Amino acid sequence: MAPTVVAVGAVDSVTPWVPGLPIGWAENDILLIVGENIGGEAQMAATGYAHAATDGSPVSPVVQGVNTQLNVLWKRATASESAPTVTGPSNHAVTRMIAIRGCPLTGNPWNIVSVASSAVSDVNAAWPGVTTTLADCLILEIIATGTDVASTAQLGALTNGTYTSITEQMDNWAATGTGGGIALVSGVKAIAGATGSSTATLVTAATKAYMTLAMAPAPAGTAVPTLVMAPM
Amino acid sequence: MGLSPDDLVQVATGSFTGTSGSVTLNATTAGNAVLILAGLGADGTNLFDLSASGFTEPISLGDSGFNGALYAFIKSGVSAGEASWTLTVTGGSQQVAWAAFELSGIDVDWPGKVYITNLYKSPTTPTAVASHTCDTGGATSETFSGLTLAGFFAENAAGTTPTINGYTNGFEEIANQTVTGTRAHRLAVAVKVQQQVEAPSCTASISPDSYASSFMLVFTGVDSLHVPDVYACFGAEIGTATNLTTSTLLESVIAPWDEVVGTPEIVTTNARSGVYCMKFSSTSAAENVAWARRTSPAGGTLGTDPTTDLPTVWVDRLHVYFDSLPGIDVDLASWEVGSLANGAVLWYRTATQKLGIKIGTGTEIASDAVIVAGQHIGVDVRYDPRTTTHVVDWAVDYNANPTDTTAGVFQTQATTAGMTAGGISKIRKGHTSAVTVTYYMDDLVGSKSRKTFPLGDLRIFPLQADPAGTPTVFGTAGNFRTFTNNGTLATWTAAATVANLTGVPPIVGAAAKGFTQITTATGDYVEVPMAPFTCAPDYVPVGGRWYWAGWAASGNPAQFGFAAYDGDSQFAFVNPADAEFDNSTLRWVTKMHRNNPAAYYPFPQSKLDALAFRGGFSNDANPDAGVLFALFELVVFKATAQTLFGSLASTTVDPFSRGIVGISVSAPTDYDTNLYYETDGTPITVPVTGGTTHDETLNALDAPTTNYVAAYPAAEPHPT
């Protein structure tokens, strides 16, 4: 069974950046912080969270020149969590959390990750594909741009014929500082193999930073938490 | 950053027939700019003209011609709430179609490169056309992130309203307006976001055939990336301070410097990059060098014509080094508009141990921190004397040692009112005050481009004849000889040519050596490849300067020419006129490596790889004339290191174009990783074995050249 999205927390684009914990999170859920700030500015940090990585090599932040920087940080939820404070940016930042359930209880909770940046300012978003080696991965297609606009509708519908249950989870741009924002779309890749490149159309032309994060399903027999905790 | 279609805040179109009419927009935002493109009709017989009060014309047309013309009017810094402006027709009632744009974020101090093409306004028989190309005549824009507007105006003498469509090269229509009558007109405007330095061009179809005119406007943004246009440099790599101002009539009398006061030296001690630097050391005396405009004979680094050649703005980067901080105030550098009193001065103040900028008799602005001895200090300056209030923007890199990566610190702007506006007539390094002081300067680079500020961390390296290269005679080899001992000729060989031209400083007199042309042959020359220099991943080539020292068998007038070659073009820098060479005087022939001083010259690694000079072309090889020294000072910018994908991959990028110079991928142990990128649309995949690091050189001219970069690490182990 593919991992599932528990919920998305409240977006925060005002310093101090404290993105809200997703409602309904539980111990062993994977908590992801997705954030955007200026390219080349200090990368985001939050106590207890690590940048998405392959082995010990972080692939986040994804930097597109001086324009935008996509940060994806994660942790495996403990029994007690509070909304994290994100540090690092200065000009502006947009931060938001998502909770994923049903991933492995140890090690990296994803099957594979790829990253990309695009230096051409246009409206065409094209994520780097991955080749999953497990069935039933939950694919998170994440994008950041430096567009200076207050919007919750920058990203159009995502297209990928190998996915089911394509759902936009985040679409948040802010006009603070030089501006910027993030979007995250989830989809299920039921059969292991190549995803190909997902595509979508942005409202405003921009350069882009991308991450494709294939969340791995928990091995068979892994207990999936059912206790729903109240948000802090 | 830069401009985008969002900077077109609003667009409106309209028309009128008469001697005046209104152009209207919604209320404007203070500080924005308004652009009006207006097509003015004509009647085939008479001339008309159009004006807009309060606006400037990028190019004044003077009149419409007999068959209509397209006008452009720009007003920057509009007030809040402006909404209506008047267009006035002279010459009688006429048809006008207009499109008005409110623009945000444009650099009002660089309001756009404007070009007119195919403007039918002469009494000669015009031609009705089915298509029309709006372009810049081949001129390249100088911004990496601009907004280009192509305006088309068509007049149909038969009264059939023409259509304009089918825009090429990625332009998209944003405005369209017609006027009908005995003659019918259509105005159309198309826009394109420009992300690369290019010569924009757009062709539109017109039906039925009509008379056509157009305007191409390239706007840059206040924060747009801009080309680094290096106009002058000196790295002291010639290794000698002898005859620094001695040049020839060959080419505008350009020597390494145009003026020298005192006895500045060129030494190896405390050089910042390359081998040599300048040393200023005086006892109760002034000591300096300057680039200036020479009047007799006319020429010099700053040109011959003060009305057209003198820089209107000068951007400087200098590096100064003190063994110990002076115990006296020292004017380290200065920039003059006619006189030192009407200029700006960079001071070292002993009381505060700070640097300061002082314009005229205005208030001196001190640096925000003290400087220290024993390390290089970089100073970026932009001097703008275009109005009676002179302005200096500046930054100080307190540790500009080659190994230090700390950027400069922007300083408080200096301004002084009541000055005399004008072109910059002298650019000086060194002190004019009679003081006892010792200091060093190196890596001196200047630009006429206002948007080049700050030039930042740059280096100058010397290149001489490539010891592994093979000079080649184009023409008859027998027309050339190598020489040693100031005139002992030998059969020309490539090896001897390289050997004779290798070594710094130049040797003049009894031991002089080089090659010479002994027979008149204006088409013959020796091509000498210069030594290779690989910039990536640490540097980006930006330009350079040639230094040749001429030689002749005797002092009679001798003719010898120089040219440079970059693999694509030969720059006939120095025509084979009277070179004034002889066998006892160090006489410099100095030239920046660019074909047209007024136009941007991109200098990528590929052109550096092909760099060579050519000597010969003599139309009077009597006495024998040639060259005894050749050196190229290569100017490079330090590439900016930046994270690309966490610690998986990093890049170095061109600080001006943001083009990727190189990518380094460190694949995690046991995770083979594919680096993927697209250069000019061509996909390239580079496998990187887990646990290894791969450095990929891209040398992309700009950000879009290598657009899409991705990394694909292997999948995680299966969870159990």
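These figures come from a predicted structure and were not determined experimentally.

*Asks:* Which residues make up the overall build of chain A, and what values do they have?
*Replies:* Scanning chain A from terminus to terminus reveals zero helices and 13 strands. Order of helices (α) and strands (β) in chain A, N terminus to C terminus: β-β-β-β-β-β-β-β-β-β-β-β-β. The globule rule puts the C-alpha radius of gyration for 232 residues at 17 Å, and the 16 Å found for chain A is close to it. The dimensions of chain A, computed from C-alpha atoms along their principal axes, are 45 × 40 × 30 Å.

*Asks:* Can you tell me about the interface of chain B and chain A, naming the residues and giving the values?
*Replies:* Interface extent is often summarised as the accessible area lost during association of the parts. Taken together, the contact between chain B and chain A spans 33 residues of the former and 38 residues of the latter. If you list the elements that add at least two residues to the side of chain B that touches chain A, you get β43 (640-645) and β49 (706-713) of chain B. A per-element tally of the side of chain B that touches chain A places β49(B) first, with seven residues. In terms of residue class, the side of chain B that touches chain A is built from 18 nonpolar, eleven polar and four charged.

*Asks:* Residues and numbers for the nonpolar core, please.
*Replies:* Ranked by internal contacts, the top residues of the largest apolar core, which has 223 residues, are A:I142 and A:M215. The leading source of residues in this core is strand β42 (residues 625-638) of chain B, at eleven residues. Among all residues touching A:I142, those that are not within four sequence positions of it are A:V34, A:L70, A:V72, A:I182, A:L184, A:Y210, A:M211 and A:L213. Core analysis: the next-biggest nonpolar cluster, separate from the first, contains 63 residues, B:F66, B:V78, B:V191 and B:L217 among them.

*Asks:* Outline the pairing of strand β13 (residues 199-215) of chain A, listing residues and values.
*Replies:* Relative to β13(A), strand β9 (residues 110-126) of chain A is paired through twelve bridges, and the arrangement is antiparallel. Opposite A:A116, over in β13(A), you have A:Y210 as the bridge partner.

*Asks:* An account of the sheet that holds strand β5 (residues 69-75) of chain B is needed here, citing residue identities and associated values.
*Replies:* All names here are of chain B. Taken in spatial order, the four strands make up an open sheet running β1-β7-β3-β5, and their pairing is antiparallel. Looking at which strands have only one partner, the edges of the open sheet turn out to be β1 (8-18) and β5. Looking at each pair of strands side by side, their axes are set apart by 15° on average, direction ignored. Bridging between strand β3 (residues 33-40) and strand β7 (residues 94-103) involves eight bridges; their strand directions are antiparallel. Residue pairing in the sheet places I36 in a bridge with A100 of β7.

*Asks:* Give me the lowdown on the confidence of the model for chain A, citing residues and values where you can.
*Replies:* Counting all residues, the mean pLDDT for chain A is 94, and 95% of those residues have values of 70 or more. Below a pLDDT of 50 lies the segment residues 227-232 of chain A, which in the model reaches eleven contacts outside its immediate sequence neighbourhood of four places, other chains included.

*Asks:* Quick one: what's the story with the confidence of the model for chain B, residue by residue and with numbers?
*Replies:* In the predicted model, chain B carries a mean pLDDT of 92, and the fraction of residues at 70 or more is 97%. Scored as a whole, the predicted complex attains pTM 0.89, and scored at its interfaces, ipTM 0.94.

*Asks:* Describe the sheet that holds strand β46 (residues 673-679) of chain B, with residues and values.
*Replies:* Read from one edge to the other, the open sheet built from eight strands follows the order β11(A)-β12(A)-β10(A)-β13(A)-β9(A)-β49(B)-β46(B)-β47(B), with strand pairing classed as antiparallel. The two strands at the open ends of the sheet, each matched to only one other strand, are β11 (164-174) of chain A together with β47 (682-688) of chain B. Pairs of neighbouring strands in the sheet enclose a mean axial angle of 15°, with direction left out of account. As defined by bridge partners, β9(A) adjoins β49(B) across four bridges and the pair is classed as antiparallel.

*Asks:* Quick rundown of the domain arrangement of chain B? Include the residues and the values.
*Replies:* Residues and elements named next belong to chain B. Considered domain by domain, chain B is made up of domain 1 (5-220), domain 2 (232-460), domain 3 (472-636) and domain 4 (639-713). Computed from C-alpha atoms alone, the centre-to-centre distance between domain 1 and domain 4 is 43 Å. Every contact between the two is made by four residues of domain 1 and, on the other side, four residues of domain 4. Within the side of domain 1 that touches domain 4, the residues separate by chemical class into two nonpolar, two polar and no charged.

*Asks:* Tell me about helix α1 (residues 494-501) of chain B, and please be specific about residues and values.
*Replies:* Residues and elements named next belong to chain B. Restricting attention to buried positions, one finds in α1 the residues T497, V498, N500 and L501. Seen end-on, α1 carries its buried residues on one side only, within an arc spanning 170°. Residues of α1 that are buried make contact with β33 (480-484), β35 (514-517), β36 (525-529) and β42. Backbone geometry just downstream of α1 places G503 in the positive-phi region, at approximately 130°.

*Asks:* I'd like a description of the environment of B:P668, backed by residues and values.
*Replies:* Among the secondary structure elements, B:P668 is positioned in the loop between β45 (660-666) and β46. The class for B:P668 is buried, based on 21 C-beta atoms found within 10 Å. When neighbours within four sequence positions are excluded, B:P668 is seen to be in contact with A:T54, A:D55, A:G56, A:S57, B:G690 and B:P713.

*Asks:* Describe unusual backbone geometry, naming the residues involved and giving the relevant values.
*Replies:* Omega for the peptide link from B:S207 to B:P208 comes to -10°, which places this bond in the cis form. Tracing the backbone through its elements, the reader meets B:P208 in strand β14 (residues 201-220). Along the chain, B:F453 connects to B:P454 via a cis peptide bond; the corresponding omega equals -10°. With respect to the helices and strands, B:P454 occurs in the loop between β30 (426-447) and β31 (458-463). The backbone of A:S165 sits at a positive phi, close to 55°, despite the residue not being glycine. Within the fold, A:S165 resides in strand β11. With 13 C-beta atoms packed within 10 Å, A:S165 lands in the partly exposed category. We note that B:N699 has phi near 50°; this positive angle belongs to a residue other than glycine. Structurally, B:N699 can be placed in the loop between β48 (693-697) and β49. With 22 C-beta atoms packed within 10 Å, B:N699 lands in the buried category.

Procedures and definitions
Residues numbered from 1 in each chain as written. Chains lettered and ligands numbered in written order. Predicted model: local features only at pLDDT ≥ 70, side-chain atom pairs only at ≥ 80, totals over all residues. Helix = DSSP H or I, 4+ residues; strand = E, 2+ residues; numbered from the N terminus. Rg over C-alpha atoms; globule rule 2.2 N^0.38 Å. Contact = placed C-beta atoms within 7 Å. Nonpolar A, V, L, I, M, F, W, Y, C, P; charged D, E, K, R; others polar. Core = buried A, V, L, I, M, F, W, Y, C linked by C-beta atoms within 7 Å. Buried ≥ 20, exposed ≤ 12 C-beta atoms within 10 Å, placed from the backbone. Pairing = 2+ DSSP bridges. Axes fitted to C-alpha atoms, helices over the stretch in contact; angles between N-to-C directions. pLDDT = per-residue confidence, 0-100. Domains from an automatic or database assignment. Arc of directions from axis to C-beta.

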